[in-house]
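The primary structure of each chain is shown beneath.
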Amino acid sequence: VTTAENSITAKANELSSKISSVEGKIPTSSGGRNLAQGTSKDWSKPFTGFSGNQNTCPNLYKVITDGLVVGDTIKTRIVLKYTDIVPTNGQTATIRLQGAGNVTGWGGGSYNVSSYKTISGSGEVVFEHEFKITADHLKNDYWNLYFRTDWIASGSLQWKLAKVERGMFFTDWSPAPED
């Protein structure tokens, strides 16, 4: 009987350990709250202020850091429509997301930049970007989020359905509670 009890206890401990291991891999957060203020399900007014140079940055949204902690994953999704984009002669037109912190500016606590996307002519693209929150990020109360464009001579940009959220998954667009 004692041998059987020991065997059952050992098996129960083994199963408990395996369950704990699996539970540690199950996501516990799927986001939800939009940290970007002033977003919309409708297209923005067209931005056409291009000069053909580098670093033309339409301002998108104020993104608050409220409730974030070191190690959180921030996920950003925004739909971009570009129309009649003409690159500067001899250049390739590109666009990416970036943001300055209200305290750190463009330094170590700035919104981590996304990779560049090449655009030309007309079309739509979905930006999906993520990064981990560091202590430097939390020095800011918010970031000013921008599209950085390079080498666009003319055309227009519009965007919609922007969502910046904490979590492991993208969730459907919703306005920020403050909106």
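Since the structure is predicted, the reported quantities are computational estimates derived from the model, not experimental observations. (Residues numbered from 1 in each chain as written. Predicted model: local features only at pLDDT ≥ 70, side-chain atom pairs only at ≥ 80, totals over all residues. Heavy atoms only, no water.)

Quick notes on the overall build of the protein
Put simply, the test is: Only DSSP runs of H or I reaching four residues or more are called helices, and only runs of E reaching two or more are called strands; each is numbered from the N terminus. Only C-alpha atoms enter the radius of gyration, while the globule expectation follows 2.2 Å times N to the 0.38, with N the number of residues. The rule is simple: take the accessible area with a 1.4 Å probe, protein chains only, and divide by the maximum for that residue type; under 20% is buried, over 50% is exposed, in between is partly exposed. In what follows, a contact means two residues having at least one pair of non-hydrogen atoms within 4.5 Å. To measure how exposed things are, a 1.4 Å probe is used in the Shrake-Rupley method; for residues, cover is taken only from the protein chains shown. We count Lys and Arg on the positive side and Asp and Glu on the negative side, and we leave His and both chain ends out. Every charge is mapped onto a representative atom, which is NZ of Lys, CZ of Arg, CG of Asp or CD of Glu.
Counting its regular elements, the protein contains 1 helix and 8 strands. Counting from the amino terminus, helix and strand elements in the protein follow one another as α-β-β-β-β-β-β-β-β. Compactness check: the protein gives a C-alpha radius of gyration of 22 Å against a globular reference of 16 Å for 179 residues, more than 25% above the reference. In terms of principal-axis extent, the alpha carbons of the protein reach across some 85 × 35 × 30 Å. Counting only residues that meet the buried cut, the protein has 37% of its 179 residues in that class. Here the contacts in the protein between residues at least 6 apart in sequence split such that 84% fall between residues at least 24 apart. Carbon and sulfur atoms provide 50% of the accessible area of the protein, an area that totals close to 9,700 Å². Separation between the mean location of the 18 positive side-chain charges and that of the 17 negative ones in the protein comes to 3 Å.

Some points on the sheet that holds strand β3 (residues 73–87)
Threshold: For two strands to be treated as a pair, DSSP must find no fewer than two bridges joining them. Working convention: axes come from line fits to C-alpha atoms, limited for helices to the stretch in contact. Angles between N-to-C directions cover 0 to 180 degrees.
Strand order in the open sheet formed by 3 strands is β6-β3-β8, and the pairing between neighbours is antiparallel. Only two strands of the sheet have a single neighbouring strand rather than two, namely β6 (121–132) and β8 (152–166). With direction set aside, neighbouring strand axes in the sheet form an average angle of 20°. As judged from the 11 bridges shared by β3 and β6, these two strands associate in the antiparallel manner. When the sheet's bridge partners are listed, K81 is paired in β6 with E124.

Observations regarding the nonpolar core
Where a protein is soluble and globular, its nonpolar side chains tend to be buried together. Our working definition: What we call a nonpolar core is a set of buried Ala, Val, Leu, Ile, Met, Phe, Trp, Tyr and Cys residues that are connected through their side-chain atoms within 4.5 Å.
I78, F147 and L157 are the most contacted members of the largest nonpolar core, which has 30 residues in total. Secondary structure elements with two or more residues in this core: β2 (59–64), β3, β4 (94–101), β6, β7 (142–150) and β8. Setting aside chain neighbours within four positions, we find L157 in contact with K45, P46, F47, F50, P58, L80, K81, Y82, I85, I95, I119 and T149.

Concerning the pattern of salt bridges
To keep things clear, this is the line we draw: We define a salt bridge as a side-chain nitrogen of Lys or Arg found within 4 Å of a carboxyl oxygen belonging to Asp or Glu.
Tallying each qualifying case throughout the model produces 8 salt bridges. Measuring nitrogen to oxygen at the nearest pair gives 3.8 Å for the salt bridge that ties K163 to E165. Like E165, K163 is buried.

As for the pairing of β4
Among the 8 residues in β4, 8 count as buried, and that is most of the element. A two-sided burial pattern is seen for β4, the buried positions comprising T94, R96, Q98 and A100 on one face and I95, L97, G99 and G101 on the other. Looking at chain direction, β4 and strand β5 (residues 117–118) are connected through 2 bridges and run antiparallel. If you follow T94 over to β5, its bridge partner there is T118.

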